[in-house]
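Chain by chain, the residues run as shown.
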Amino acid sequence: MWKNREFKWLVAAAAAALITAVILCVRAPAAAAQIITLELAVMTALYIGLTAWRYYKLRNLSDYLHDLSDGSESLALKEYKEGELSYLQSEIYKLTVKLQEQAELLQKDKNYLADAISDISHQLKTPVTSMRVMTDLLADSRLPEEKRAQFTKNLEHQIDRLEWLVTALLKMAKLDAGAVQFKNESFPVRSLIDRASEHLLIPMELKNVAFQVHGAPTLVMAGDEAWLSEAVANILKNCMEHTPPGGKVTAAYEQNALYTQIRISDTGSGIAPEDLPYIFDRFYKGKNVGADSVGIGLAMAKQIIQKMNGTIQVEKTSASGTVFAVRLYRSLK
């Protein structure tokens, strides 16, 4: 109560009026009644004036809240001095800032969702259109067997691509929604590399790309091996796709007291400087990507690694190849 500015005014005015009344009554006892009446009138007027001023300020705050509820984006709020309204103003301002931040986040999420839906629609439309065309061609009885076999193979390729795309998008949706419960189990780092590269060994062999692994077989780390293998596999796949025939992809791992590091390198043509800041962005395609690239492999890898207390970065890129560095930090107990 004593922090209330208006209350202080009333107490000070009442004290001054009481002292003045006592002095005047001592000096002029005959006019005591008139003096007391005058003092009461002054106090009443002061109280009414302060009450009217307080309600005026409250009405301004009410109008501000009304404008805010109608969608006003202004955060302007008159500065009140110390008093009962300063506390109310402070709380209203905090709420206003919080509401605006939430509105900005919602708008950002809305824009992101719209862009994501547009990108996903485009990514799905491409293989579906190709499959429709090839299906129409296969329905032609006059189509030569050689062409029929070629179109059938292309159709299978598009189905595989579509299946991978849908699976990847579902995984990313789970990660975005926080619906993934990561395990924290111990496993050999070499086992992680083998699991991640298992389905890529044949494509590498067909492309004449060598794959080498360097690291102590006894090194053990903790985490979710299944999800980490998904992340590492996407990095390996990216390196394989950008490595020409006769090239090499290497996975080297080591460990210290703070983290386990996996360095994945290739002997491709490197990443263009203008593409480097965006290679981990979802659906981003650089100038050197292939026609079948979707642009979500590295984005998913980064998302998984970050959720498992890790980091990923391009450690080096040049005309002789690119090096990705993945660091998975140990949890402090």
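All chains use their own residue numbering, which begins from 1 and follows the written sequence. In keeping with the predicted nature of the model, local features appear solely for residues at pLDDT of at least 70, side-chain atom pairs appear and are counted solely at 80 or more, and the whole-chain, interface and lining totals rest on all residues. Side-chain figures throughout are based on the complete set of non-hydrogen atoms in the structure, without hydrogens or water.

### Thoughts on the overall build of the protein chain
Selection criterion: The secondary structure listing takes helices from DSSP runs of H or I that are at least 4 residues long and strands from runs of E that are at least 2 residues long, numbered from the N terminus. To sort residues, take the accessible area from a 1.4 Å probe on protein chains only and compare it with the maximum for the residue type: under 20% means buried, over 50% means exposed, and anything in between is partly exposed. Here, two residues are considered to be in contact whenever any of their heavy atoms come within 4.5 Å of each other. Computed with a 1.4 Å probe, the accessible areas rest on the Shrake-Rupley method; for each residue, only the protein chains presented here act as cover.
Tallying secondary structure elements over the protein chain gives eight helices and seven strands in all. Each of the 333 residues in the protein chain was classed as buried or not, and the buried ones make up 33%. Pairs at least 24 residues apart make up 68% of the contacts formed inside the protein chain by residues separated by at least 6 positions. Per element, the accessible surface of the protein chain, about 20,800 Å² overall, is 59% carbon and sulfur.

### A few points about the environment of Arg132
Along the chain, Arg132 falls in helix α3 (residues 84-138). When its relative accessible area of 59% is taken as the criterion, Arg132 is described as exposed. As a C-alpha pair, Arg132 and Leu155 span 23 residues in sequence and 9.1 Å in three-dimensional space.

### Side note on the packing of helix α5 (residues 189-197) against helix α7 (residues 225-241)
Defined as follows: Every axis corresponds to a line fitted to the C-alpha atoms, with the helix fit spanning only the stretch in contact, and the corresponding angles, defined between N-to-C directions, vary from 0 to 180 degrees. Oblique is the label for any angle not under 35 degrees, not over 145, and not in the 65 to 115 range, which are roughly parallel, roughly antiparallel and roughly perpendicular in turn. Note on convention: near helix rotated counterclockwise from far helix by under a right angle means a left-handed crossing. Clockwise means right-handed.
Here α5 crosses α7 at 60°, and the two axes come no closer than 8 Å. Considering their axes alone, α5 and α7 lie oblique with respect to each other. Here the hand of the crossing between α5 and α7 comes out right-handed. Residue-level contacts link Ser191, Leu192, Ile193, Arg195, Ala196 and Ser197 of α5 to Glu225, Ala226, Leu228, Ser229, Val232, Ala233 and Leu236 of α7.

### What about the pairing of strand β6 (residues 310-318)?
Which entries qualify depends on this criterion: One bridge is not enough; two strands pair if DSSP finds at least two bridges between them.
Sheet topology places β6 next to strand β7 (residues 321-329); eight bridges connect them, and they run antiparallel. Residue pairing across strands places Val314 opposite Phe324, the latter belonging to β7. The hairpin turn running from β6 into β7, its antiparallel successor, is two residues long.

### Looking at the pattern of salt bridges
Convention followed: Whenever Lys or Arg places a side-chain nitrogen within 4 Å of a carboxyl oxygen from Asp or Glu, that contact is recorded as a salt bridge.
This model, assessed by the stated rule, comprises six salt bridges. One salt bridge in this structure joins Glu241 and Lys237, with 2.5 Å as the shortest N-O distance. Residue Glu241 and its partner Lys237 are both found in helix α7; the two are separated by four residues, about one turn of the helix. Of the residues examined, Glu241 reaches a relative accessible area of 39% and is grouped as partly exposed. A relative accessible area of 27% means that Lys237 is categorised as partly exposed. A salt bridge links Arg263 to Glu315; the nearest nitrogen and oxygen atoms lie 2.5 Å apart. Pair noted here: Arg263 is in strand β5 (residues 259-266) and Glu315 is in strand β6, with a separation of 52 residues, a long-range link.

### Re the nonpolar core
Test applied: As used in this record, nonpolar core signifies buried Ala, Val, Leu, Ile, Met, Phe, Trp, Tyr and Cys residues forming a set joined through side-chain atoms within 4.5 Å.
One finds Val232, Ile235, Ile262, Ile264 and Phe324 to be the most contacted residues of the largest nonpolar core, which totals 47 residues. When contributions to this core are tallied by element, the ones reaching two or more residues are α4 (145-177), α5, α7, β4 (248-255), β5, α8 (297-307), β6 and β7. Sort the elements by how many residues they give to this core and α7 lands first, with nine residues. The contacts of Phe324, once residues within four sequence positions are left out, are Ile235, Asn238, Cys239, Ile262, Arg263, Ile264, Ile271, Ile279, Phe280, Leu298, Gln313 and Val314. With seven residues, the next largest nonpolar core counts Met134, Leu138, Leu143 and Leu155 among its residues.

### Considering the packing of aromatic side chains
Stated precisely, the cut-off is as follows: Classification of ring pairs rests on two measures: the distance between centres of Phe, Tyr or Trp rings, Trp counted by its six-membered ring, which must be within 6.5 Å, and the angle between planes, read as stacked under 30 degrees, edge-to-face over 60 and tilted in between.
All chains considered together, the criterion is met by three aromatic pairs. Both rings, one in Phe182 and one in Trp227, keep their centres 6.0 Å apart while their planes meet at 75°; by these two values the pair is edge-to-face. Here Phe182 is found in the loop between α4 and β1 (185-188), whereas its partner Trp227 is found in helix α7, with 45 residues between them in sequence. Its relative accessible area of 16% is what places Trp227 among the buried residues. Between Tyr259 and Tyr329, the ring centres sit 5.3 Å apart and the planes meet at 70°, which makes this aromatic pair edge-to-face.

### Considerations on the packing of α7 against α8
Rules: Amino acid classes used here: Ala, Val, Leu, Ile, Met, Phe, Trp, Tyr, Cys and Pro are nonpolar; Asp, Glu, Lys and Arg are charged; the rest, including Gly, are polar.
Where α7 meets α8, the closest approach of the two axes is 8 Å, and the angle between their N-to-C directions is 150°. Like other packed secondary-structure pairs, α7 and α8 cross with a definite hand, here left-handed. Within the contact between the two elements, α7 uses Trp227, Leu228, Glu230, Ala231, Asn234, Ile235 and Asn238 and α8 uses Gly297, Leu298, Met300, Ala301, Ile304 and Ile305. For the contact of α7 with α8, the class distribution of residues is nine nonpolar, three polar and one charged.

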